[in-house]
Amino acid sequence: MFSTAIRRAVTSKAVQLPGTSTSANRKLMSTITRIDQTTLPTMSQAVVHNNICYISGQIDATGEDVESQTRNILGKIDTLLDQAGTDKSKLLTASIWLKDIESDFATMNKVWLEWVDDDNKPARATTEANLAFPNLLVEVQV
């Protein structure tokens, strides 16, 4: 029964959840803004909920090396953050996946350090991973 109420709350504007007051229910209801749902048919490029911006993993297939791919990706992230009404100084976390961490970490990190806000660095994890396509060298999600 509770899951049915939750399901209705997501799709309806005014549903009272069991065991909650009207004011508590209003706090649960909030606006969700989806940004760029057309680039890929499977996802939004960014979603804003409760003033927090979630950005999908960003890739670049046009750059020839990890430096150009990283620069292009960070440019995409700047654009998405701007569309969401925020900027990189407000980032909370970052996840970075490299195809070859041993070869590409230093170069990617150099570009990252040029881009990231010096006074507001997010928590970050970087790992090696097989990426979706052979020509992809890096993916970044913030």
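Residues numbered from 1 in each chain as written. Predicted model: local features only at pLDDT ≥ 70, side-chain atom pairs only at ≥ 80, totals over all residues. Heavy atoms only, no water.

**Student:** Is there a simple way to explain the overall build of the protein in this structure?
**Tutor:** Counting its regular elements, the protein contains four helices and six strands. Per-residue burial for the protein yields a buried fraction of 30% across its 142 residues. Long-range pairs, those at least 24 residues apart, make up 57% of the contacts in the protein between residues at least 6 apart in sequence. Element-wise, carbon and sulfur atoms account for 52% of the exposed surface of the protein, whose accessible area totals about 9000 Å². (Helix = DSSP H or I, 4+ residues; strand = E, 2+ residues; numbered from the N terminus. Buried < 20%, exposed > 50% of the residue type's maximum accessible area, 1.4 Å probe, protein only. Contact = heavy atoms within 4.5 Å. Areas by Shrake-Rupley, 256 points an atom, 1.4 Å probe, with all protein chains shown as cover.)

**Student:** Explanation requested: helix 4 (residues 101-115) in the structure shown.
**Tutor:** Within an α-helix, residues lying three or four positions from one another point in the same direction, as the helix has 3.6 residues per turn. With 15 residues, helix 4 extends 19 Å from end C-alpha to end C-alpha; this agrees with the ideal 21 Å at 1.5 Å per step. Looking at helix 4, one finds that the buried residues are Asp-104, Met-108, Asn-109, Val-111, Trp-112 and Trp-115. Those residues of helix 4 that are buried lie in contact with helix 3 (66-83), strand 4 (93-98), strand 5 (123-128) and strand 6 (138-141). (Expected span 1.5 Å × (residues − 1).)

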